[in-house]
Amino acid sequence: MSDQAPAAAVTPAEATPGTPLLDVDGLTVRLPIEGIHRPVLRDVSFSLRQGEAFGLVGESGSGKSMTARAIDRLLPAGAQVKGSIRFDGNDVSALTGAGLRQYRGQAAMIFQDPRAHTNPVRRIGDFMTEALRTNLSVPAGQARARAVDMLTQVGIDDGERRLQQYPHQLSGGMLQRVMIAAALLTKPRLLLADEPTTALDVTTQAEVMAILDGLRREFGLTMLFITHDLELAAAICDRTAVMYAGQIVEIRRSSLLHDDPLHPYTAALAAARPDIAQTAHRLRAIPGRPLSAFEAPLDECAFAPRCPHAQDACLTAVPGLTETGGGLSRCVRTHELRGKLQVASDA
Amino acid sequence: MLVASLLVASFVIFGALYLAPGNPISALSGGRSLPASSVAVLEARYHLNEPFLAQYWYWLDNVLHGNLGISIVLRENVSTLIASRIWTTAGLVLYAALIIVALGIGLGILSGLRPGAFDTSTLVTTAVSAAIPAFVAAIVLILVFAVKLGWFPALGNGTDFLSNVRHFTLPAIALAISSLAIVARVTRASVREEGQREHVQTAVSRGIPSRQLIRRHVLRNAAIPITTVAGITIASLIAVAAVVEVAFSLNGLGAYLVASAQSKDLAVVQGISLVLVTAFVVINLIVDVLYAVLDPRVALGSRAQ
Amino acid sequence: MTAAVPVTVRSTTRGARAVGMLRATGPAGIASAIIIAVAIFMAIFGTWLAPFDPITPNLSLAWVGPTGAHLLGYDFEGRDVLSRLIVGARTSMLGPLAVVLGSMIAGALLAVAAAWRGGTLDAFISSGLDVLFAFPGILLAVLAAAVFGAGLTAAAIALSIAYMPYVARVLRGAALKERSQPYVAALEVQGASGPSICLRHLIPNIMPLIVAQATILFGYAMVDLAAISFLGLGVQPPEPNWGVMISENQVGIPQGYPLPALAACVCIVAVVIAFNVLGERLFEQAQAAPR
């Protein structure tokens, strides 16, 4: 969890101005749920600089996956999108046809469950080289050669043989590595990793994470890393955003997130994780259950009902994002609570 | 497995001789009285004085050599009688199968890929036509297209290939109509379902053009259940063809089977039953093979239920 | 373990439950049920309700169109079509009933026995049933007609045998699922015998599925039996029967008298659709039933 910039790539620690690779501004998404359009994302804004690893953390229903899908234009039919998403300065929602396909090649997505996300009746080789052969018109032989090469980079050595196999013949961890390799083949500039290791067992998780992190740095890729695990995000991301009920509630340098959180929810998340090094008398759970965006009231802070620091001011309006100490926080009491939020671990 | 089915089926068909009331001779003769010489011929041919299983063995042996016995009514070889009629039935079933595959699967795909007015109207039409039995369809088709509109002949076989096509069109439609509806519905459902799958999302996220997407990921995967249902449906046409043949006075195996059953010409009934059951089993075998070819997760012989 | 494990779901009375199930099938289901009820009513009381004699021919009146009380006119032998349809409901409904009862009872017994015992018995029954799949229903019925002579009985028995593997396959799956429920183990531990558990608990709990299956099957049986009667191998004339009526009046169509044949067609199709729709709705309910 060091905040030292590694030698191979430039990863600025603080948010500095410059042309961002990905700029999300005021993204609000409504989806038809049981016939009525309801919000799933509310006013989500953040920017990613070239080469930066950015974490997006939240519980289920927080909208983190939906954000990634919105960026890759993979929202379900009937979705209403407001706000802008700009990739390299271009408005993503205006893209169509060939432009859209090209963009999707540039913004590669890695999904959570590799087995569900690979076509069971097509061989691995087909899966990996499909985008190369169709969009980039790479000849089949060359595409296969590149695929084998990339497989070696993700730690699969007998690439030639694997290309001939079908997904059901590979383990989950191996399949996820294949998915990562396939995503990298089109030489994307942005990686959207949607909980890539959640569906894997713990030892495999560590391996796959190491590969993902290593390759990202090696290729200098910008990555949006989505997870429910705060510590995992902190381990490989430079900055991390925390989401709750479809809104961003905090953006901060990852290293500070645990020790100096700005928002009560972040503090609660960090505290809820059992610490193997400490003896706790009881697990610290957050009372209540996480809200989805469409369940949250529109005129108060969404976290207020579960927040130990809530006051009347929190119930008057949705708090805006306040800048504090190099980060952003959606809490009206953020200045006064600064420094007091890391909960004493032996309380 | 299917060979076992065939064997048992042949055993049942053979055993029918003994289930008949009276003795085998009266069954074979259909209750007619025969001169002693004919009785002796029958006894020798069917080895009636030997144990049951031995008789089955002789009979099976004969069958495998193409000797299906002699028709009591027409006094000809059953094999010859079958051979002269088999193309009518085969042609009818093939024609109907073509309609089912082209229209059924075609409508299903179009309907599955485009939600909207077309889809709803297809759903309604198929819901109704799925319940129309072949002989009802035959009656209505004859009434509307043969009698009232005069576009097609109402009865009988044609003389050459083209006139055969004309004569077989209404029967093929009658035979196909309810199966077509079922295949269309299953196709539509499969296409819809495959379109929702996550691996399709992966391909979309990598910028695969939609035409390719539909061909290589949606249709290719939906082909598995579609082929299975189409195959089973076509196999079931074999039996229903008899009804259509009778309704349209076509000179096919099915109509001949029915006539022989009425005249109790048992050898013919056994022969035709064997042919039809074999065809049924063979088609099921082809479906099994196709299923294993289309789905690499499945080993041959284990069609998942 | 304190609370008693509920073993069989019996809510209010059987009648109230049936009405509840019916109401849940929606307007289409209720409309179908009404059509079926009318058909059953005609099947039972037809002979007394028919306004005219359905059997005695009167060739001078052949093919005469609808007049006065003869709403559907006369058939090829000068008999009142409406009366023949009403009386014909009996054989047209009775045959399928016999087929459904036969195949469902045999199929259910085999399926439950296979699911209960498992092991070799299951393998034996399953492969035996797999073999039966090779015989399409109509073919078996024709074979039976050739051997035993044309008639409704032989055809009905043949169809029961042909349908049995389908029933058994569906019910075996459900029985297997039911067998692995905890209450079954609890009953076994208490010392209840296999057959008693099956009869008093297992079967009643898969009853919604059985009813749904039977309803759907009735539609198929009706089509197949009508086809067999149409072929002349089922119900024999002059006995009124919808399938027979189609075949005997078919000659009228090219001559310009389609009504008798068409009327019989409509009866068959209406009742079959009704059974299909009701059966499908009941099936959905059976699948969605809470445990």
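**Thoughts on the overall build of chain B**
When its secondary structure is counted, chain B shows 12 helices and 0 strands. Ordered by position in the sequence, the α and β elements of chain B form the string α-α-α-α-α-α-α-α-α-α-α-α. Taken across its 305 residues, chain B has 45% of its residues classed as buried. When contacts within chain B are restricted to residue pairs at least 6 apart in sequence, long-range pairs at least 24 apart make up 71% of them.

**Notes on helix H4 (residues 52-64) of chain B**
Under the 1.5 Å per step criterion, the end-to-end length of H4 of chain B is 18 Å for 13 residues, consistent within 8% with the ideal 18 Å. Trailing H4 of chain B by a residue or two, Gly66 of chain B shows a phi angle of about 90°, which is positive.

**Some points on the packing of helix H6 (residues 117-129) of chain B against helix H8 (residues 161-195) of chain B**
Residues and elements named next belong to chain B. At a closest axis distance of 8 Å, the pairing of H6 and H8 adopts a crossing angle of 140°. In terms of axis orientation, H6 runs oblique to H8. Here H6 runs over H8; the crossing is left-handed. Within the contact between the two elements, H6 uses Thr122, Thr126 and Ser129 and H8 uses Ile177, Ser178, Ala181, Ala184 and Arg185.

**Observations concerning the arrangement of the chains**
Across the 2 pairs of chains that are in contact, the largest number of contacts falls between chains B and C. The closest approach of any C-alpha atom in chain A to one in chain C is 20 Å; the two make no contact.

**Remarks on the packing of helix H10 (residues 210-247) of chain B against helix H12 (residues 266-294) of chain B**
Residues and elements named next belong to chain B. Contact geometry of H10 with H12 gives a least axis separation of 9 Å together with a crossing angle of 175°. In terms of orientation, H10 and H12 fall into the roughly antiparallel class. Between H10, through Ala223, Ile224, Thr227, Thr228, Gly231, Ile232, Ile234, Ala235, Ile238 and Ala239, and H12, the contact on the second element is made entirely by Leu276, Ala279, Phe280, Ile283, Asn284, Ile286, Val287, Leu290, Tyr291 and Leu294. Classifying every residue of the contact of H10 with H12 by side-chain character gives 16 nonpolar, 4 polar and no charged.

**Topic: the interface of chain A and chain B**
Contacts between the two partners involve 20 residues from chain A, matched on the other side by 18 residues from chain B. Of all the elements in the fold, those that place two or more residues in the side of chain A that touches chain B are helix H2 (97-106) and helix H3 (124-134) of chain A. Here the element with the most residues in the side of chain A that touches chain B is H2 of chain A; it accounts for 4 residues. Its residues assigned to classes, the side of chain A that touches chain B comprises 8 nonpolar, 8 polar and 4 charged.

**Some remarks on the sheet that holds strand E12 (residues 327-329) of chain A**
Residue and element names in this part refer to chain A. One open sheet accounts for 8 strands, arranged E6-E7-E8-E3-E9-E10-E12-E11; its pairing is mixed. For this open sheet the edge positions go to strand E6 (107-110) and strand E11 (322-324), each flanked by a neighbour on one side alone. Across the sheet, the axes of successive neighbouring strands diverge by a mean angle of 20°, strand direction being ignored. Packed onto the sheet, helix H6 (residues 172-185) meets E6 and strand E7 (190-194) and runs at close to 175° relative to E6.

**Some points on the interface of chain B and chain C**
Taken residue by residue, the interface counts 41 residues in chain B and 34 residues in chain C. Of all elements in the fold, only helix H1 (2-19), helix H7 (134-148), H10, helix H11 (253-262) and H12 of chain B reach the threshold of two or more residues within the side of chain B that touches chain C. Considering each element in turn, the side of chain B that touches chain C owes the most residues, 8 residues, to H1 of chain B.

**Re the sheet that holds strand E2 (residues 36-48) of chain A**
Residue and element names in this part refer to chain A. The strand order E2-E1-E4-E5 describes an open sheet built from 4 strands, whose pairing is antiparallel. Of all strands in the sheet, those with a lone pairing partner are E2 and strand E5 (90-91), marking the two edges. Relative to E5, strand E4 (residues 80-87) runs antiparallel, the two being bridged by 2 bridges. Across the sheet, the residue bridging to Arg86 is Asp91, located in E5. Packed on one face of the sheet, helix H1 (residues 64-71) meets strand E1 (22-33), E2 and E4 and runs near 75° to E2.

**Re the environment of Gly69 of chain B**
Residues and elements named next belong to chain B. The topology assignment puts Gly69 in the loop between H4 and helix H5 (78-113). Residue Gly69 is classed as buried on the basis of its C-beta count, with 21 C-beta atoms lying within 10 Å. Along the backbone, Gly69 and Gly271 are 202 residues apart, and their C-alpha atoms lie at a distance of 7.8 Å. Other than its neighbours up to four places away in sequence, Gly69 contacts Val78, Ala267 and Gly271.

**Examining the pairing of strand E3 (residues 53-57) of chain A**
Residues and elements named next belong to chain A. Taking burial as the measure, the 5 residues of E3 include 5 buried ones, the bulk of the element. Covered by surrounding structure in E3 are Ala53, Gly55 and Val57 together with Phe54 and Leu56, the residues of both alternating faces. As paired elements, E3 and strand E9 (residues 239-244) share 4 bridges and run parallel to each other. Opposite Leu56, over in E9, you have Ala241 as the bridge partner.

**As for the pairing of E7 of chain A**
Side-chain positions along a regular strand alternate between the two faces of the sheet. Residue and element names in this part refer to chain A. A large share of E7 lies buried, amounting to 5 of its 5 residues. Both faces of E7 are covered, namely the face carrying Leu190, Leu192 and Asp194 and the face carrying Leu191 and Ala193. Taken together, the 4 bridges between E6 and E7 define a ladder with parallel strand orientation. For Ala107, the partnering residue across the bridge sits in E7 and is Leu190. Examined bridge by bridge, E7 and strand E8 (residues 222-227) share 5 bridges and lie parallel to one another. Each bridged residue has a counterpart across the sheet, and for Leu192 the counterpart in E8 is Leu224. Between E7 and its parallel partner E8, the chain crosses via helix H7 (residues 202-219), and the hand of that crossover is right-handed.

**A word on the confidence of the model for chain C**
For chain C, mean pLDDT is 84; residues scoring 70 or higher make up 94% of the total. Among the scores for the predicted complex, ipTM is 0.83 and pTM is 0.81.

**Describing the environment of Arg220 of chain B**
All names here are of chain B. Position of Arg220 among the secondary structure elements: in helix H10. Using a count of 15 C-beta atoms within 10 Å as the deciding quantity, one classes Arg220 as partly exposed. A C-alpha to C-alpha distance of 32 Å links Arg220 and Pro171, two positions 49 residues apart in sequence.

**Here we look at the environment of Pro133 of chain B**
Within the secondary structure, Pro133 of chain B is located in the loop between H6 and H7. Taking the number of C-beta atoms within 10 Å as the measure of exposure, Pro133 of chain B has 27 and is therefore buried. Residues Pro133 of chain B and Val277 of chain B lie 144 residues apart in sequence; the distance between their C-alpha atoms is 21 Å. Residues within four places of Pro133 of chain B in sequence aside, it is in contact with Ser178 of chain B together with Val223, Ala226, Ala227 and Ile268 of chain C.

About the criteria used
- Residues numbered from 1 in each chain as written.
- Chains lettered and ligands numbered in written order.
- Predicted model: local features only at pLDDT ≥ 70, side-chain atom pairs only at ≥ 80, totals over all residues.
- Helix = DSSP H or I, 4+ residues; strand = E, 2+ residues; numbered from the N terminus.
- Buried ≥ 20, exposed ≤ 12 C-beta atoms within 10 Å, placed from the backbone.
- Contact = placed C-beta atoms within 7 Å.
- Expected span 1.5 Å × (residues − 1).
- Axes fitted to C-alpha atoms, helices over the stretch in contact; angles between N-to-C directions.
- Parallel < 35°, antiparallel > 145°, perpendicular 65-115°, else oblique.
- Left-handed = near helix turned anticlockwise from the far one by under 90°.
- Nonpolar A, V, L, I, M, F, W, Y, C, P; charged D, E, K, R; others polar.
- Pairing = 2+ DSSP bridges.
- Right-handed = clockwise from strand over helix to strand, strands pointing away.
- pLDDT = per-residue confidence, 0-100.

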